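Each chain is listed here by its residues.
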Amino acid sequence: MTDNDIRYGLIEGKIDDPDTTYNRLSHLIREQGVPKDLDPALWSLRGEHGVSLAHIAAKCSELPRDFAQWDLADESGWTVAHVAAYEGKLPPHFERWRLVDVLGRSVAHEAVIVKPLPSDFDDWTLADSDGWTVAHEAAHYGRLPPDFAGWALSDSTGHTVAHVAAARGCLPPGFKGWKMVDNAGDTVAHLAAIKQILPEEFLDWHLLDRDGVTVAHRAAQNGTLPKGFKKWSLAMPDGETVAHTFVSAAGLGLSYRDSGDRAMLPEHFSGWFWATSDGVTVIERAREVGCSEIIALYEQQMLSNRIKKGDKVSSKASINKGGV
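Residues numbered from 1 in each chain as written. Predicted model: local features only at pLDDT ≥ 70, side-chain atom pairs only at ≥ 80, totals over all residues. Heavy atoms only, no water.

K.L.:
Can you break down the overall build of the protein chain residue by residue, with the values?
P.N.:
Secondary structure summary: the protein chain contains twelve helices and two strands in total. Along the chain direction, N to C, the helices and strands of the protein chain fall in the order α-β-β-α-α-α-α-α-α-α-α-α-α-α. Taken over 324 residues, the protein chain has a buried fraction of 45%. The contacts of the protein chain with a sequence gap of at least 6 include a subset with a gap of at least 24, amounting to 50%. Put simply, the protein chain shows about 17,900 Å² of open surface, and 52% of that area lies on carbon and sulfur atoms. (Helix = DSSP H or I, 4+ residues; strand = E, 2+ residues; numbered from the N terminus. Buried < 20%, exposed > 50% of the residue type's maximum accessible area, 1.4 Å probe, protein only. Contact = heavy atoms within 4.5 Å. Areas by Shrake-Rupley, 256 points an atom, 1.4 Å probe, with all protein chains shown as cover.)

Next comes the structure, spelled out in C-alpha cells:
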C-alpha cells in the first residue's frame, strides 16, 4: 500500500470506500490545495448534493492547467466551470461558455459577474430560461465592452440591455437610444434620468412613459434634475408642472439633498402661481408639503418685489413734492 493509498483511502490504487476517499481528499484540498499527483479519475468522486472533488478544488484551490472535466455537474446542474467562473478562476483560453445549469444560466453569465469577458467573446445573445442574456448580465455589472452595439436586445419581460445599463448608471458616452421603450412603458431616458446620467445636450425631457409621466417629471420625483435645468413649466395632462413635482420631492428632502450638481428652483423663479387642473399652485404645493427652503425663496421674492415697488412709489412722491 502506497502513501497515497493511505492518504486517499485507497487499496492498491483503487477506491475501496468512496465516501472515505471523498472525505479525505475534500479535506486535503480545502486545507492544503490539490495534490500534484492526484489521479484525474478521482475528480468525479461526489459527496452531498452531487458536489464533486473538482467543484471543491475550483472553489477552494486551483485546478491543474490540463483540467478538462469542466462539465461535471452537481445536482443543481452547477458545473465545475460555473464554480470556477464565479470564483474568477477560469483559465485564459477557456472556451466552454455555453455550459448551462438547470436554470439555463451559462458559464458566461457567471463569469461576467466577477470580471469582463475576454475581448474575443462574441456570444452576447446567449440567454437563460428567462431570456436574460449574457449582455444583460454584463450591463447589470457595468462590464460591456466599449464597442458593444446590441443595446436593443430584449429579455422575455421586454427589458433591453440599454434599460439594464441605464438603471445601473452604466451607459457609455455618446449613447443615442434614449427613446427605446420596455414593456413597462419606460424609455431608457426615464431610467437614465433617475441615475442622473443624461448628457448635457439632452433635449427630450417631454418623452412620456405609459402613465404619461415625462422624463423631466421622473427626474424631479427622484430629486435628480440636473443643474441648469430650465423646463420648469413642462406639464403633464393634469397640469402638474415639473416645478410642482420638484417641490413635492423637496418636501421629502430629495430635491435639496446633495444639490451641488442638481437643479434648484432659480433665484428669480416666476412660476409660483402655475396651477394644476384642480387649482393647486406651486407655492400652495410648497406649503402643503412644508418645504421651508422653497417657501423662504418665495417670501424673499415677494419682499424684494414690495421693496422695489415701495422705492418706485417713494421716488415718484419725492419728485411730485419737489415740483410743487
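K.L.:
Give a detailed account of the side chain of Glu137, specifying residues and quantitative values.
P.N.:
Among the secondary structure elements, Glu137 is positioned in helix α6 (residues 134-140). A relative accessible area of 5% means that Glu137 is categorised as buried. Those residues in contact with Glu137 that sit more than four places away from it in its chain are Arg105, His109, Val112, Ile113 and Trp132.

K.L.:
Pulling in residues and values, what's your account of helix α10 (residues 242-251)?
P.N.:
The buried fraction of α10 amounts to eight of the ten residues, a majority that puts the element mostly inside the structure. Within α10, the full set of buried residues consists of Val242, Ala243, His244, Thr245, Phe246, Val247, Ala249 and Ala250. Note on α10: the residue one or two positions beyond its end, Gly253, has a positive phi of about 85°.

K.L.:
Go over helix α5 (residues 107-114) with me, naming the residues and quoting the values.
P.N.:
Summarising burial for α5: seven of the eight residues are buried, a large majority. If you check which residues of α5 are buried, you get Val107, Ala108, His109, Glu110, Ala111, Val112 and Ile113. In this fold, the buried residues of α5 make contact with α4 (80-86) and α6.

K.L.:
So what's going on with the layout of surface pockets? Residues and values would help.
P.N.:
Estimated volume of the largest pocket: approximately 370 Å³. Lining the largest pocket are 19 residues, with Pro199, Glu200, Trp205, Pro226 and Lys227 positioned closest to its centre. Residues belonging to the lining of the largest pocket are distributed by class as follows: eleven nonpolar, three polar and five charged. (1 Å grid on protein atoms, 1.4 Å probe; cavity = no way out; pocket = protein on both sides within 12 Å on 5 of 7 lines; lining within 4 Å. Points joined across faces, edges and corners; volume = space filled by probe spheres on them. Nonpolar A, V, L, I, M, F, W, Y, C, P; charged D, E, K, R; others polar.)

K.L.:
Got a sec to walk through the packing of α10 against helix α11 (residues 282-289)? Specific residues and values, please.
P.N.:
Running from amino to carboxyl end, α10 crosses α11 at an angle of 15°, the nearest separation of the two axes being 9 Å. Judged by the inter-axis angle, α10 sits roughly parallel to α11. Taken as a pair, α10 and α11 cross one another with a handedness that is right-handed. Counted together, Ala243, His244, Thr245, Val247, Ser248 and Gly251 of α10 and Val282, Arg285, Ala286 and Val289 of α11 form the full contact between these two elements. When its residues are assigned to classes, the contact of α10 with α11 shows five nonpolar, four polar and one charged. (Axes fitted to C-alpha atoms, helices over the stretch in contact; angles between N-to-C directions. Parallel < 35°, antiparallel > 145°, perpendicular 65-115°, else oblique. Left-handed = near helix turned anticlockwise from the far one by under 90°.)

K.L.:
Which residues make up unusual backbone geometry, and what are the values?
P.N.:
The phi dihedral of His49 falls on the positive side, at around 60°, and the residue is not glycine. Locating His49 in the fold gives a position in the loop between α2 (18-32) and α3 (53-60). A positive phi angle, near 55°, is found at Gln196, a position not held by glycine. Tracing the chain through its elements places Gln196 in the loop between α8 (188-195) and α9 (215-221).

K.L.:
Hey, could you go over the pattern of salt bridges for me, with residue numbers and the actual values?
P.N.:
Evaluated as defined, the whole model comprises nine salt bridges. When the shortest N-O distance is used, the salt bridge between Asp71 and Arg96 registers 3.8 Å. Here the residue Asp71 occupies a position in the loop between α3 and α4, and Arg96 occupies one in the loop between α4 and α5, the gap between them amounting to 25 residues. A relative accessible area of 41% means that Asp71 is categorised as partly exposed. (Salt bridge = Lys/Arg side-chain N within 4 Å of Asp/Glu carboxyl O.)

K.L.:
Help me get a handle on the side chain of Asp74, residues and values and all.
P.N.:
Counting through the fold element by element, Asp74 comes out in the loop between α3 and α4. One buried charge, Asp74, has no salt-bridge partner; the nearest side chain with opposite charge is Arg46, at 7.0 Å. Side-chain polar atoms of Asp74 contact the backbone nitrogen of Trp78, separated by 2.9 Å. Excluding residues within four positions of it along the chain, Asp74 makes contact with Arg46, His49, Gly50, Val51 and His55. (Lys, Arg positive; Asp, Glu negative; His and termini not counted. Polar contact = N/O pair within 3.5 Å; in protein donor to acceptor, adjacent residues only side chain to side chain.)

K.L.:
Please set out the nonpolar core residue by residue, giving values where relevant.
P.N.:
Counting 83 residues, the largest nonpolar core has Trp43, Trp70, Leu225 and Trp232 as the members making the most contacts within it. With sequence-adjacent residues up to four places away left out, Trp232 is seen in contact with Leu225, Thr241, Val242, Ala243, Phe246, Ala263, Met264, Leu265, Pro266, Phe269 and Trp274. (Core = buried A, V, L, I, M, F, W, Y, C linked by side-chain atoms within 4.5 Å.)

K.L.:
Could you give an account of the packing of aromatic side chains, with specific residues and numbers?
P.N.:
Evaluation of the coordinates by the stated rule reveals 19 aromatic pairs. Note on Trp272 and Tyr298: the rings are 5.2 Å apart at their centroids and 70° apart in plane angle, and the pair reads as edge-to-face. With Trp272 in the loop between α10 and α11 and Tyr298 in helix α12 (residues 292-323), this residue pair connects regions lying 26 residues apart in the sequence. Pair check on accessibility: Trp272 and Tyr298 agree, each one buried. A centroid spacing of 6.2 Å and a plane angle of 80° characterise the contact between Phe273 and Tyr298, whose relative ring orientation is edge-to-face. With Phe273 in the loop between α10 and α11 and Tyr298 in helix α12, the pair connects residues that are 25 residues apart, well separated along the chain. Looking at Phe273, the relative accessible area reads 54%, which means it is exposed. For Tyr298, a relative accessible area of 11% gives the class buried. (Phe/Tyr/Trp six-rings, centres within 6.5 Å; stacked < 30°, edge-to-face > 60°.)

From the geometry alone we can't say anything about function, so treat these as descriptive.
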